[in-house]
Amino acid sequence: MKRILSTLAAATFSFAAHAAPPDVKMTRLDCGHMTLQDKAVMSDAGLYKGESLDIVMSCYLIKHGDDWLLWDAGLPKKYLAGPIVEGTFRTGLDRTIVDQLKVLGLRPEDITYVAISHAHFDHAGQVNDFPNATLIIQRAELEAMADTAKASQHYIDGALFSTHVAGGSLKRVKVVDGDVDLFGDGTLKTIWTPGHTPGSMALLVDLKHAGPYVLSGDQWHFSENHARRQVPTWNYDHAGTIASGKKLDDVIAKTRATLVIEHEPADNRRLPAAPRFLD
Ligand SMILES: [Zn+2]
């Protein structure tokens, strides 16, 4: 793992700037669902005792010019056999991402980038299914995954490393440091939101007609937790979560972006699902 980290410095992200932004469009994919039988895990301040919560897992497919970028990679395929009960989580997956790509006439080989908001199992589960894709991940997340003191119990079990980080080297990995304009044209910008995990990030997607959207990873898990500024019990850093929430709120206020809380069913219902796109 140390050898992996030593290669990070050479892998910092950079794309050539485009003269003019190409067309960008976005759709939503179904990446699973979960019932939290004990919603109390969603508040380190002791709220929600005796309640349950239904959430969704969502992935977003973005076309940028000739590139296809997948934002978050859903649950591992073992949940197709679900629902599977693990502790308070009751988790199921109805369709794989690759299966849903067929509706769009796309093959797994057509995906050029897979960017993950963070490396938890429900956001990185199918990350190895795209043989030509370059993984986009925050440096702090890769470092946290390698650090037993920081590693989250929910980090994906080694699978992330099998395709993209293996044998002591990074394979098709673009490491981003903080807030990065991915294509140099303002259409897709990462926003580093440490707190849930050390290397969590959101994505600001600027659509020509629909306007800007913020895909917010797990900064918040449902609308009420955003409104009440509640922090799950398993977050890495409480103060960091609150600070990143403020940072994201400020971006949204400045850009008038639409916030998408990725696990919130209501936010996702407002977005078109494949094969329909927002542009
Ligand atoms: Zn999540």
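Residues numbered from 1 in each chain as written. Predicted model: local features only at pLDDT ≥ 70, side-chain atom pairs only at ≥ 80, totals over all residues. Heavy atoms only, no water.

A. Representation of helix α7 (residues 238-255). The end-to-end C-alpha separation of α7 is 26 Å, in line with the 26 Å expected for 18 residues at 1.5 Å each. Here α7 has its buried residues at Gly240, Thr241, Ser244, Gly245, Leu248, Asp249 and Ile252. In this structure Asp237 caps α7, since a side-chain oxygen of it lies 3.2 Å from the backbone nitrogen of Ala239. Count one or two residues on from α7 and you reach Arg256, which has phi positive near 60°. (Helix = DSSP H or I, 4+ residues; strand = E, 2+ residues; numbered from the N terminus. Expected span 1.5 Å × (residues − 1). Buried < 20%, exposed > 50% of the residue type's maximum accessible area, 1.4 Å probe, protein only. Polar contact = N/O pair within 3.5 Å; in protein donor to acceptor, adjacent residues only side chain to side chain.)

B. Fine view of the state of the cysteines. For the structure shown, the criterion picks out 1 disulfide. Across the disulfide, Cys31 is cross-linked to Cys59 (sulfur-sulfur distance 2.0 Å). Between Cys31 and Cys59, the S-S torsion sits near -130°, and that sign places the bridge as left-handed. Of the two residues, Cys31 sits in strand β1 (residues 24-36) while Cys59 sits in strand β2 (residues 53-64), which places them 28 residues apart along the sequence. Each member of the pair, Cys31 together with Cys59, is buried. (Disulfide = S-S within 2.5 Å.)

C. Structural detail: the coordination of the zinc ion. Every protein donor of the zinc ion is accounted for by Asp122 (OD), His123 (NE2), Asp218 (OD) and His263 (NE2), and the metal-donor separations fall at 2.0 to 2.2 Å. One chain supplies every donor to the zinc ion, and in sequence these donors are spaced D-H-x94-D-x44-H. Within this pair, whereas Asp122 is found in helix α3 (residues 121-124), its partner Asp218 is found in the loop between β13 (211-215) and α6 (223-228), the two being separated by 96 residues in sequence. By the burial criterion, Asp122 is buried, and Asp218 matches it. (Donors = N, O, S within 2.8 Å, 3.2 Å for Na, K, Ca; no water.)

D. Structural detail: unusual backbone geometry. Here Gly82 and Pro83 are connected by a cis peptide whose omega angle stands at 5°. Take Pro83: it is sitting in the loop between β3 (67-71) and β4 (84-86). One non-glycine residue, Asp72, lies in the positive phi region at around 70°. Within the element layout of this structure, Asp72 appears in the loop between β3 and β4. Even without being glycine, Arg256 reaches a positive phi, approximately 60°. Turning to its location among the elements, Arg256 is positioned in the loop between α7 and β14 (258-260).

E. A look at the environment of Asn128. Tracing the sequence through the fold places Asn128 in the loop between α3 and β7 (134-138). Assessed through its relative accessible area of 24%, Asn128 is described here as partly exposed.

F. Expanded view of empty space enclosed by the protein. By the definition in use, this model includes 1 cavity of 30 Å³ or more. Considering only enclosed or pocket space, the largest cavity measures out at about 110 Å³ in volume. Considering the residues around the largest cavity, the lining is formed by 15 residues, among which Phe89, Asp122, Asp218, His221 and Trp234 are closest to the centre. Breaking the lining of the largest cavity down by element, the ones donating at least two residues are β1, β2 and α3. Here the lining of the largest cavity is built from residues that sort into 8 nonpolar, 5 polar and 2 charged. (1 Å grid on protein atoms, 1.4 Å probe; cavity = no way out; pocket = protein on both sides within 12 Å on 5 of 7 lines; lining within 4 Å. Points joined across faces, edges and corners; volume = space filled by probe spheres on them. Nonpolar A, V, L, I, M, F, W, Y, C, P; charged D, E, K, R; others polar.)

G. Here's a closer look at the side chain of Glu262. Within the fold, Glu262 resides in the loop between β14 and α8 (265-269). For the buried Glu262, no salt bridge exists, and the shortest N-O distance to an oppositely charged side chain is 11 Å, to Arg28. Dropping the residues within four chain positions of it, Glu262 is found in contact with Val56, Ser58, Tyr60, Trp71, Asp72, His123, Leu215, Ser216, Gly217 and Asn268. (Lys, Arg positive; Asp, Glu negative; His and termini not counted. Salt bridge = Lys/Arg side-chain N within 4 Å of Asp/Glu carboxyl O. Contact = heavy atoms within 4.5 Å.)

H. Up close: the sheet that holds strand β10 (residues 173-176). Taken in spatial order, the 8 strands of this open sheet run β4-β5-β1-β2-β3-β6-β7-β10, and their pairing is mixed. The open sheet has two edge strands with one neighbour each: β4 and β10. Strand-to-strand twist in this sheet, taken as the mean axis angle between neighbours without regard to direction, amounts to 25°. Across 4 bridges, β1 lies against strand β5 (residues 89-92) in antiparallel orientation. From the neighbouring strand, Thr35 faces β5, where its bridge partner is Arg90. (Pairing = 2+ DSSP bridges. Axes fitted to C-alpha atoms, helices over the stretch in contact; angles between N-to-C directions.)

Read these as geometric descriptors, not functional statements.
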